[in-house]
Amino acid sequence: FVCAALYAAPAQAEKADRFQPLNFAADAARVEDNQRLNILSGNVEITKGTMVVRADRVEVRQNPDGSQTATAIGGPGGRAFFRQKRDGVDEAIEGEAERIVYDGRTEVVRFISRALMRRLQGNTVSDQVSGPVIVYDNKTSVFQVVGSGASGGATGRVRGVITPRAPTEPASAESTR
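Residues numbered from 1 in each chain as written. Predicted model: local features only at pLDDT ≥ 70, side-chain atom pairs only at ≥ 80, totals over all residues. Heavy atoms only, no water.

The next subject is the nonpolar core. Judged by nonpolar contacts, the single largest core of 25 residues is most densely connected at Val 58, Phe 82, Ile 100, Phe 111 and Met 117. The leading source of residues in this core is strand β5 (residues 51-62), at five residues. For Met 117, the contacting residues outside a window of four places in its chain are Ile 93, Glu 94, Gly 95, Phe 111, Asp 127, Gln 128, Val 129, Ile 134, Tyr 136 and Phe 143. (Core = buried A, V, L, I, M, F, W, Y, C linked by side-chain atoms within 4.5 Å. Buried < 20%, exposed > 50% of the residue type's maximum accessible area, 1.4 Å probe, protein only. Helix = DSSP H or I, 4+ residues; strand = E, 2+ residues; numbered from the N terminus. Contact = heavy atoms within 4.5 Å.)

Below is the structure:
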């Protein structure tokens, strides 16, 4: 199997999001207090600070440490949607997949099956990757796209577009000689 790791700009997910309440709207909700589980179904939309999740079904589990883990399944076109602003910059990460798993403790998002992830600067897509599985670590701003490589089929390939970035520091006199 093939694996590609790309480094995004050194900005994390919006830090304040982890302390925000989780708000939701859905056609139905089931609360299983003993299991610390909330099952939301039908046109689900969740917001938690700058984070937005849309799907047909979302299961939210309350972890013993107070964090939350959410698994979003399906939605328009059979895919769930995730978006979150990055801290300190006018950028957001958004993605779609048949299943999206967000771990609030580790701040890792997994896009599973027909996965697509974009980095937006303002409202403009600057980078985009797709593959069977994409794992994005909000703490380190590193994402990994995993494909099956040896299958030869189009579904196992990793694809992407990476836009050149403007220099972050002016060139020194030494480098211009």
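And the narrative resumes.
Attention shifts here to the environment of Leu 120. Turning to its location among the elements, Leu 120 is positioned in strand β10 (residues 108-121). Residues Leu 120 and Arg 86 lie 34 residues apart in sequence; the distance between their C-alpha atoms is 9.7 Å. When residues no more than four places from it in sequence are discounted, the contact partners of Leu 120 are Arg 83, Asp 90, Glu 91, Ala 92, Glu 94, Val 125 and Ser 126.

Here we come to the environment of Arg 83. On the secondary structure map, Arg 83 appears in strand β7 (residues 80-85). Take Arg 83: its relative accessible area is 26%, and that puts it in the partly exposed class. When the C-alpha positions of Arg 83 and Thr 50 are compared, they lie 7.8 Å apart, and in sequence the two are 33 residues distant. Apart from residues no more than four positions distant in its own chain, Arg 83 is found in contact with Thr 50, Met 51, Val 52, Ala 92, Ile 93, Glu 94, Leu 120, Gly 122 and Asn 123.

Right, let's talk about empty space enclosed by the protein for a bit. Under the counting rule described, the total for this entry stands at two cavities of 30 Å³ or more. In this structure, the second largest cavity spans a volume of roughly 30 Å³. In terms of lining residues, the second largest cavity is bounded by Met 117, Arg 119, Asp 127, Gln 128, Val 129, Phe 143, Val 161 and Ile 162. Taken together, the elements giving at least two residues each to the lining of the second largest cavity come down to β10, β11 (124-137) and β13 (159-162). At three residues, β11 tops the list of elements feeding residues into the lining of the second largest cavity. Considered class by class, the residues forming the lining of the second largest cavity number five nonpolar, one polar and two charged. (1 Å grid on protein atoms, 1.4 Å probe; cavity = no way out; pocket = protein on both sides within 12 Å on 5 of 7 lines; lining within 4 Å. Points joined across faces, edges and corners; volume = space filled by probe spheres on them. Nonpolar A, V, L, I, M, F, W, Y, C, P; charged D, E, K, R; others polar.)

Trans is the prevailing form of peptide bonds, just as negative phi is the prevailing case for residues other than glycine. Even without glycine at this site, Arg 36 takes up a positive phi of about 55°. Checked against the element boundaries, Arg 36 lands in the loop between β3 (28-32) and β4 (37-48). By relative accessible area, which is 42% here, Arg 36 ends up partly exposed. One non-glycine residue, Arg 114, lies in positive phi territory at about 55°. For Arg 114, the location among the structural elements is in strand β10. We classify Arg 114 as partly exposed; its relative accessible area is 42%.

What follows deals with the packing of aromatic side chains. Each aromatic ring pair is specified by the distance between its two centres and by the angle formed by the two planes. According to the stated counting rule, one finds three aromatic pairs in the structure shown. Taking 6.0 Å as the distance between ring centres and 75° as the angle between the ring planes, the aromatic pair formed by Phe 82 and Phe 111 counts as edge-to-face. A residue pair is termed long-range when its members are at least 10 positions apart, and Phe 82 in strand β7 and Phe 111 in strand β10 qualify at 29 residues. Here Phe 82 and Phe 111 have matching classes, each one buried. Here the aromatic rings of Tyr 136 and Phe 143 are separated by 6.5 Å at their centres, their planes lie at 45°, and the arrangement is tilted. Three or more aromatic residues link up through ring pairs in this structure, and these residues are Phe 82, Tyr 102 and Phe 111. (Phe/Tyr/Trp six-rings, centres within 6.5 Å; stacked < 30°, edge-to-face > 60°.)

We now examine the pattern of salt bridges. For the structure on display, the rule yields twelve salt bridges. Across the pair Glu 96 and Arg 79 runs a salt bridge whose closest N-O atoms are separated by 3.1 Å. Placement of Glu 96 in strand β8 (residues 91-97) and of Arg 79 in the loop between β6 (68-73) and β7 is noted, with a sequence separation of 17 residues between them. Looking at Glu 96, the relative accessible area reads 21%, which means it is partly exposed. We classify Arg 79 as buried; its relative accessible area is 18%. Residues joined by salt bridges that share partners form a network here, namely Arg 79, Arg 83, Glu 94, Glu 96 and Arg 118. (Salt bridge = Lys/Arg side-chain N within 4 Å of Asp/Glu carboxyl O.)

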